[in-house]
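Chain by chain, the residues run as shown.
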Amino acid sequence: MRHSHQLRIGPVGFRIGADWAAPIAQLRALYADYPAPDGGIPDFSVRLFAARPWRRVVRPAVVLGGDYVLPDAAPLPLAQGLLAAEMAMNLQMALGQRRYLLLHASVVEKDGRALLMTGESGSGKSTLAALLSARGWRLMGDEFALVDPATGLVHAFPRLVSLKNAAIGVVERALPGARFGPLLAGTPKGDIRHMVPDAAAIAAMDVPALPALLLFPRFGAAAAVRDVAPGEVFVRLTQASTNYVALGEAGFGALATLVKSVPARAIDYPDTASAVAAVDRLWAAS
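This structure is a prediction, so every number in the text was calculated from the model and none was measured.

As for the nonpolar core
Line of reasoning, step 1. By size, the foremost hydrophobic cluster in this structure holds 64 residues, and its most contacted members are F14, I16, L48, M93, L103 and L237.
Line of reasoning, step 2. It is helix α2 (residues 81–96) that provides the largest number of residues to this core, a total of eight residues.
Line of reasoning, step 3. If we ignore the near neighbours within four places in the chain, the residues touching F14 are H5, Q6, L7, I9, P37, P42, F44, M89, M93 and F157.
Line of reasoning, step 4. The next biggest cluster of nonpolar side chains, apart from the first, holds 28 residues, and it includes M117, A130, W137 and Y269.

Observations regarding the sheet that holds strand β16 (residues 224–227)
Across a sheet, strands are paired by hydrogen bonds formed along the backbone, either parallel or antiparallel in direction.
Line of reasoning, step 1. Strand order in the open sheet formed by six strands is β9-β7-β8-β15-β17-β16, and the pairing between neighbours is mixed. On the outer flanks of this sheet lie β9 (138–141) and β16, each paired with one strand and no other. Along the sheet, successive strands turn relative to each other by an average axial angle of 25 degrees, direction set aside.
Line of reasoning, step 2. With five bridges connecting them, strand β7 (residues 106–110) and strand β8 (residues 113–117) associate as antiparallel partners. Directly across from K110, in β8, lies its bridge partner R113.
Line of reasoning, step 3. Helix α6 (residues 230–240) rests against β15 (210–219), β16 and β17 (264–269) of the sheet, and its axis sits at about 80 degrees to β15.

Quick look at unusual backbone geometry
Line of reasoning, step 1. Phi is positive for D111, which is not a glycine, with a value near 55 degrees.
Line of reasoning, step 2. For N165, which is not a glycine, the phi torsion comes out positive at approximately 50 degrees.
Line of reasoning, step 3. Residue position: N165 is located in the loop between β12 (161–164) and α4 (166–174).
Line of reasoning, step 4. Using a relative accessible area of 41% as the deciding quantity, one classes N165 as partly exposed.

A look at the side chain of S126
Line of reasoning, step 1. Position of S126 relative to the elements: it lies in helix α3 (residues 125–133).
Line of reasoning, step 2. A polar side-chain atom of S126 sits 2.3 Å from a polar atom in the side chain of D142.
Line of reasoning, step 3. Those residues in contact with S126, other than ones at most four positions away along the chain, are S106, D142, V161, S162 and L163.

Remarks on the pairing of strand β10 (residues 144–147)
Consecutive residues of a regular strand have side chains that alternate between opposite faces of the sheet.
Line of reasoning, step 1. Residues F144 and L146 of β10 are buried on one face, and the alternating residues A145 and V147, pointing to the opposite face, are buried as well.
Line of reasoning, step 2. Inspection of the sheet shows strand β6 (residues 101–104) paired to β10 by four bridges, in the antiparallel sense. For L101, the partnering residue across the bridge sits in β10 and is V147.
Line of reasoning, step 3. Once β10 ends, the chain turns through six residues before running back antiparallel as strand β11 (residues 154–155), passing G152 with a positive phi of about 80 degrees.

Topic: helix α8 (residues 249–261)
Line of reasoning, step 1. Spanning 13 residues, α8 covers 18 Å between terminal C-alpha atoms, matching the ideal 18 Å at 1.5 Å per step.
Line of reasoning, step 2. Considered for burial, the residues of α8 that qualify are G251, A254, L255, A256, L258 and V259.
Line of reasoning, step 3. Where α8 is buried, its residues contact β6, β10, β15, α6 and α7 (244–247).

A short note on the side chain of T187
Line of reasoning, step 1. With respect to the helices and strands, the residue T187 is situated in strand β13 (residues 184–187).
Line of reasoning, step 2. A polar contact of 2.5 Å, which involves the side chain of T187, links it to the backbone oxygen of G190.
Line of reasoning, step 3. Ignoring anything within four residues of it in the chain, the contact list for T187 reads Q80, L83 and I192.

Here's the deal with the environment of V62
Line of reasoning, step 1. Here V62 lies in strand β4 (residues 61–66).
Line of reasoning, step 2. Separated by 14 residues in sequence, V62 and L76 have C-alpha atoms that sit 5.1 Å apart.
Line of reasoning, step 3. Setting aside its immediate chain neighbours within four residues, V62 contacts W20, L48, F49, P75, L76, P77, L78 and A84.

Side note on α2
Line of reasoning, step 1. Between the first and last C-alpha of α2 there are 22 Å, a value that for 16 residues agrees with the 22 Å anticipated at 1.5 Å per step.
Line of reasoning, step 2. Within α2, 14 of the 16 residues are buried, leaving the element largely enclosed by the surrounding structure.

Re the sheet that holds β11
Line of reasoning, step 1. Strands sit in the order β6-β10-β11 across an open sheet of three strands; the sheet is antiparallel. Each end of this open sheet is capped by a strand with a single partner; those strands are β6 and β11.

A word on the pattern of salt bridges
Line of reasoning, step 1. On inspection of all chains with the given rule, the structure shows twelve salt bridges.
Line of reasoning, step 2. Residue R8 is joined to D38 by a salt bridge in which the shortest nitrogen-to-oxygen separation is 3.2 Å. You can see R8 sitting in strand β1 (residues 3–9) and its partner D38 sitting in the loop between α1 (21–30) and β3 (44–49), a full 30 residues away along the chain.
Line of reasoning, step 3. The buried category is assigned to R8, whose relative accessible area is 10%.
Line of reasoning, step 4. Between R236 and E232 there is a salt bridge, with its nearest N and O atoms 3.0 Å apart. Taken together, the residues R236 and E232, both in helix α6 and four residues apart, mark about one turn of the helix.

About the cut-offs
- Residues numbered from 1 in each chain as written.
- Predicted model: local features only at pLDDT ≥ 70, side-chain atom pairs only at ≥ 80, totals over all residues.
- Heavy atoms only, no water.
- Core = buried A, V, L, I, M, F, W, Y, C linked by side-chain atoms within 4.5 Å.
- Buried < 20%, exposed > 50% of the residue type's maximum accessible area, 1.4 Å probe, protein only.
- Helix = DSSP H or I, 4+ residues; strand = E, 2+ residues; numbered from the N terminus.
- Contact = heavy atoms within 4.5 Å.
- Pairing = 2+ DSSP bridges.
- Axes fitted to C-alpha atoms, helices over the stretch in contact; angles between N-to-C directions.
- Polar contact = N/O pair within 3.5 Å; in protein donor to acceptor, adjacent residues only side chain to side chain.
- Expected span 1.5 Å × (residues − 1).
- Salt bridge = Lys/Arg side-chain N within 4 Å of Asp/Glu carboxyl O.

What follows is the structure, given as structure tokens:
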């Protein structure tokens with residue numbers, strides 16, 4: 001395509017091509033410290049293109065493409081080209097990843113042990129991961145947890161952290177020295193701003209960690225913590241995985257190992273201070 005960029009995030013390499021220069025320039029700036037794919041060969045390709053040649057310049061609209069596509073995916077305005085690129089990379093992983101069990105989760109690490117947080121959109125997992133990174137945790141991932149079926153280890157996938165609406169200001173105040181992308185207003189999920197993981201997270205993205213605690217956060221309720229029974233954990237994790245069925249026996253084995261070996265808790269919280277305090281208590285007891 002006219003403009004392109006290659007990068008590696010953890011063990012996965014991408015090539016992103018676009019009909020326009022702006023989304024690629026934004027990607028290069030925000031992912032400036034990330035290496036190229038191993039051997040220069042990406043695992044997945046992404047295409048951001050105009051459905052018709054004239055849509056490159058007249059009311060430009062970005063169609064998401066790549067090795068794997070959803071034919072009915074709605075295009076985004078060019079002003080949201082960075083979001084389109086991030087969404088397209090997510091799509092390649094969700095539909096094409098077969099080496100790792102994918103969980104829609106945020107992951108942070110301390111002392112070689114990983115905390116996995118998964119829940120519905122709006123549960124606050126991205127915000128919590130960013131806030132914990134300000135408190136000495138290593139950010140391993142915001143969008144996906146990559147669980148190796150052979151070893152049970154979680155591999156880092158430290159993408160840009162996608163902050164939404166009120167969470168943007170919360171994290172900006174907690175991490176005044178962090179690098180942020182442009183504010184993308186009026187997206188399908190409201191206002192979005194991406195945060196670049198810190199240098200330590202990028203430098204250590206080839207270092208896996210042992211899963212030590214599973215959290216199911218829920219924002220907006222009175223503070224509470226409860227144990228989660230193995231059966232419920234299994235069902236929640238199958239719902240959080242985008243490739244569990246495609247992996248077959250390997251996916252079942254990886255998920256069953258997580259359920260049997262990693263304690264799980266559900267936390268409700270009315271504000272981020274309550275959530276961080278709950279995480280500190282649960283981690284100390286794990």
